[in-house]
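These are the residues of each chain, in order.
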Amino acid sequence: RRETALLEALANLNTSGATLATSSKMSSDFQDVSSQISQFTYNPEERANFDRWIRRAETVLASDKAQNISDADKSAIIRSKLPIDEYHQFESHILPKKPQELELKDTIKQLSRLFGRKESLFSRRFRAWQTEIKAEESYMALASRIKRIADDFEGTSFTREDLQSQLFVQALKGTQHSAIRKKLLERTDELQEKPYAASHFSAAPALTVDGLADLAC
């Protein structure tokens, strides 16, 4: 009996030690991941918005160390990066739920609605094709502006179907098509889902070239 009790005590001690070590490692990983993510700043005039910020943060949240952190902790890290005014706005926006009750994907979705881009990806891509040099703009300034426009274009997720849709709307030139072009751009803004994190983006059926043709009729 004595030996059995001693073995059980040793087993419990080993289990407790392993639990503490695991907990300590998780805490360390949490701190490391959090320290690598910058504070969020919302300034739409300077193109500082949540969609751009989460794209950078997601690379850290998908790192090896982040694999040891739960989605709830990842949500907590994201919330901790919000300035106080933005946090209160987010808190009020999701009532009657509390911030900690939202899943990670819902936390990102709601923050994107509040502090993301106000222009759809389709419209940003459409506008990119209209780029022209401004009066008295230097070639170097134009090059810098094109780099920013190209970043907003999100070319890595640009598909064959996206190209067809863009070409369809781009082809509607002239005053006789201006009303239809405006209608299609407004409709795509309503239909298009914003990309989340690693370009988790899916186009609504009406954003295909055939769907746009139906809308134009």
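Just so it is clear, the model here is predicted, and its values are computed rather than measured. (Residues numbered from 1 in each chain as written. Predicted model: local features only at pLDDT ≥ 70, side-chain atom pairs only at ≥ 80, totals over all residues. Heavy atoms only, no water.)

Here we come to the nonpolar core. Counting residues in each nonpolar core, the largest one holds 22 residues, and the members touching the most others are Val33, Ile37, Phe50, Trp53 and Ile78. Mapped onto this core, the elements with two or more residues apiece are α2 (50–61), α3 (71–80) and α5 (104–115). Ranked by the residues each element gives to this core, the list is headed by α2, at six residues. Ignoring any residue separated from it by four or fewer positions in sequence, one finds Trp53 in contact with Ile37, Ser38, Gln39, Phe40, Ile78 and Lys81. By size, the runner-up hydrophobic cluster in this structure holds seven residues, among which are Phe122, Val169, Leu172 and Leu212. (Core = buried A, V, L, I, M, F, W, Y, C linked by side-chain atoms within 4.5 Å. Buried < 20%, exposed > 50% of the residue type's maximum accessible area, 1.4 Å probe, protein only. Helix = DSSP H or I, 4+ residues; strand = E, 2+ residues; numbered from the N terminus. Contact = heavy atoms within 4.5 Å.)

The next thing to look at is the side chain of Lys74. Structurally, the position occupied by Lys74 is in helix α3. Although buried, Lys74 forms no salt bridge, and the nearest oppositely charged side chain, Asp71, lies 4.2 Å from it. The contact partners of Lys74, leaving out residues within four places of it in the chain, are Leu61, Ala66, Ile69 and Leu104. (Lys, Arg positive; Asp, Glu negative; His and termini not counted. Salt bridge = Lys/Arg side-chain N within 4 Å of Asp/Glu carboxyl O.)

A few words on the pattern of salt bridges. Per the stated rule, a full pass over the model turns up eleven salt bridges. Salt-bridge contacts for Lys182 lead to Glu186; the nearest nitrogen and oxygen are separated by 2.6 Å. Residue Lys182 and its partner Glu186 are both found in helix α9 (residues 178–191); the two are separated by four residues, about one turn of the helix. Through salt bridges with shared partners, one network takes in Arg52, Arg55, Arg124, Asp151, Asp152 and Glu154.

The next thing to look at is unusual backbone geometry. Of note, the amide linkage connecting Leu95 to Pro96 takes the cis form, showing an omega dihedral of 10°. Looking at where Pro96 falls in the secondary structure, it is placed in the loop between α4 (84–93) and α5. With a phi close to 55°, Glu154 is a non-glycine residue in the positive phi region. Its place among the elements puts Glu154 in the loop between α7 (139–153) and α8 (160–170). Among the residues examined, Glu154 registers a relative accessible area of 7% and is labelled buried.

What follows covers the packing of helix α6 (residues 121–128) against α8. Two elements in contact, α6 and α8, have axes whose closest approach is 10 Å; the angle formed by their N-to-C orientations is 60°. As judged from the angle between their axes, α6 and α8 are oblique. For the element pair α6 and α8, the recorded crossing hand is right-handed. Each of Phe122, Arg125 and Phe126 in α6 lies in contact with α8, whose residues at this interface are Asp162, Ser165, Gln166, Val169 and Gln170. (Axes fitted to C-alpha atoms, helices over the stretch in contact; angles between N-to-C directions. Parallel < 35°, antiparallel > 145°, perpendicular 65-115°, else oblique. Left-handed = near helix turned anticlockwise from the far one by under 90°.)

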